[in-house]
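Secondary and tertiary structure notes
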Amino acid sequence: MKTDNSNPEFHRTGLDRRTFLSQAVSLAVGASVLPLAAFAAPELPAVDPWQYAAALKQRIRAPEFPDRDFPVTDYGAMGDGSTDCTEAINNAIRACSEAGGGRVVVPDGIYRTGAVHLLSNVNLHVSDGATLSFYTDPARYLPAVFTRFEGTELMNYSPLVYAYGQENIAITGGGLLDGGASEENWWLWKEGHYGNPKANPWKERLTAMGDAGIPPKQRMFGTEGHLRPSFVQPYKCRNVLIEGIRVRRAPFWQVHPVLCTNLVIRGIDVESPGPNNDGCNPESCQSVLIENCRFDTGDDCIAIKSGRNTDGRRVNIPSEDIIVSNCEMKAGHGGVVIGSEMSGG
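Summary of the structure given here. These numbers come from a predicted model, not from an experiment.

With that out of the way, let us pick up the packing of aromatic side chains. As enumerated under the stated definition, the model contains 10 aromatic pairs in all. Their ring planes at 15 degrees and their centres at 4.9 Å tell us that Phe149 and Phe252 sit as a pair that is stacked. Separated by 103 residues along the polypeptide, Phe149 in strand E8 (residues 145–149) and Phe252 in the loop between strand E15 (246–248) and strand E16 (261–266) bring together distant segments of the chain. By the burial criterion, Phe149 is buried, and Phe252 matches it. Ring plane angle 80 degrees and centroid distance 5.3 Å describe the contact between Trp186 and Trp189, whose orientation is recorded as edge-to-face. Since its relative accessible area comes to 16%, Trp189 is described here as buried. Three or more aromatic residues link up through ring pairs in this structure, and these residues are Tyr141, Tyr157, Trp186 and Trp189. Directly above the aromatic system of Tyr52 lies the positively charged group of Arg59, at a separation of 6.0 Å from the ring centroid. When the ring centre of Tyr135 is taken as origin, the NZ or CZ atom of Arg140, which lies over that ring, is 4.1 Å away.

So this is what it looks like as structure tokens:
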């Protein structure tokens, strides 16, 4: 606000504007007169953003794996489109991890499966002619796991491909991950559609629990509510590669890494027109490279997030150092967007 020097009250005090403000600061802190410069933000050295991005890209490295294969067919999986391969695939993953790591190979064929849980030092390699065809029965994604729904932590249905607290993991190959979602199953739970009320009471309940500070492991959902799981979710993982795969018909968000560091998402093809079918949502993640991908989605192509409201501020982990390069956004509500769950910074 401009000071009115013509005001006689101003001259009677004998104070000029700078002295008045300086003494006001002194009174506010109960100390001697402080220069206003003490409250100024420190000057930071100029950083060229393109040089910073180039250096960051050099630091983000895809994990490497021992040169040994564990075909899922050796553990009882059959690519006939009807045999339940859930146990066989997860047994192959466990054996690979316990042996020190390598590739769990899904050969050509159609493999029916429920939740797939990755473990450290495992590269789940879905061959070009292979399909992981996921069941749409929600019971196949129990017991509940620690996850996030729209930025709030809870116990809920397992994501279709999930990892928690693992290191050096990957999903690679040109094969297909088919979630099977449609208006006959998962998408039916969308609020405001298919005769559902405009507000989702389960989502409102979860938000209230987050605002009330109820511990996340006590926020039990799954069979206790209709909250759809993400498709691919590494959670609290380090050194992650998702490369080459094709993703179709997701229940909810498609590729949703949470609290991950050193993450490479490269050359994936993501296409699902369903409600809330965001393409790739890194949430509270650091050092992320998303490049050479194609997105054709029912919501945002890429949405950078960091937690919702009180729960996001409680966790207080931002998303930072994220590079998006040379991606095709064929369809979606937004190309690269921020939020809407962004309370962690």
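Turning next to the environment of Ala95. You can see Ala95 is positioned in helix H4 (residues 86–98). Put simply, Ala95 and Phe70 are 25 residues apart on the chain and 8.0 Å apart in space, counted from C-alpha to C-alpha. Each residue touching Ala95, except ones within four places of it in the same chain, is listed here: Phe70 and Tyr75.

Taken as a whole and assessed by the stated rule, the structure comprises zero disulfides. Of all cysteine sulfurs in the structure, the one in Cys260 sits closest to Cys237, which takes part in no disulfide; the separation is 4.9 Å. On the basis of relative accessible area, Cys237 is assigned to the buried category, the value being 2%. No disulfide involves Cys293; its sulfur sits 4.5 Å from the nearest other cysteine sulfur, which is in Cys327.

Turning our attention to the sheet that holds strand E18 (residues 286–291). Strand order in the open sheet made by the eight strands is E1-E3-E6-E11-E14-E16-E18-E21, with parallel pairing throughout. Every interior strand has two partners, whereas the edge strands, strand E1 (69–71) and strand E21 (320–325), have only one. On average, adjacent strands in this sheet sit at an angle of 10 degrees to one another, irrespective of strand direction. Together, E16, E18 and E21 form the strand contacts of helix H3 (residues 49–59), whose direction differs from that of E21 by roughly 95 degrees. Running over the sheet, H4 touches E1, strand E3 (102–106) and strand E6 (122–126) and is turned about 165 degrees from E3.

Moving on, we come to unusual backbone geometry. As a rule of thumb, non-glycine residues mostly have phi less than zero, and peptide bonds are mostly trans rather than cis. Looking along the chain, the bond that leaves Leu142 and enters Pro143 is cis, with omega of 10 degrees. Of the consecutive residues Gly339 and Ser340, the connecting peptide bond is found in the cis state with omega at 15 degrees. Checked against the element boundaries, Ser340 lands in the segment after strand E23 (336–338). With a phi angle near 55 degrees, Lys236 is a residue other than glycine that sits in the positive phi range. A positive phi angle is found at Asn326, which is not glycine, with a value near 55 degrees.

Calculation criteria
Residues numbered from 1 in each chain as written. Predicted model: local features only at pLDDT ≥ 70, side-chain atom pairs only at ≥ 80, totals over all residues. Heavy atoms only, no water. Phe/Tyr/Trp six-rings, centres within 6.5 Å; stacked < 30°, edge-to-face > 60°. Helix = DSSP H or I, 4+ residues; strand = E, 2+ residues; numbered from the N terminus. Buried < 20%, exposed > 50% of the residue type's maximum accessible area, 1.4 Å probe, protein only. Lys NZ or Arg CZ within 6 Å of the ring centre and 35° of its normal. Contact = heavy atoms within 4.5 Å. Disulfide = S-S within 2.5 Å. Pairing = 2+ DSSP bridges. Axes fitted to C-alpha atoms, helices over the stretch in contact; angles between N-to-C directions.

So far we have only geometry, and geometry alone does not tell us how the molecule works.
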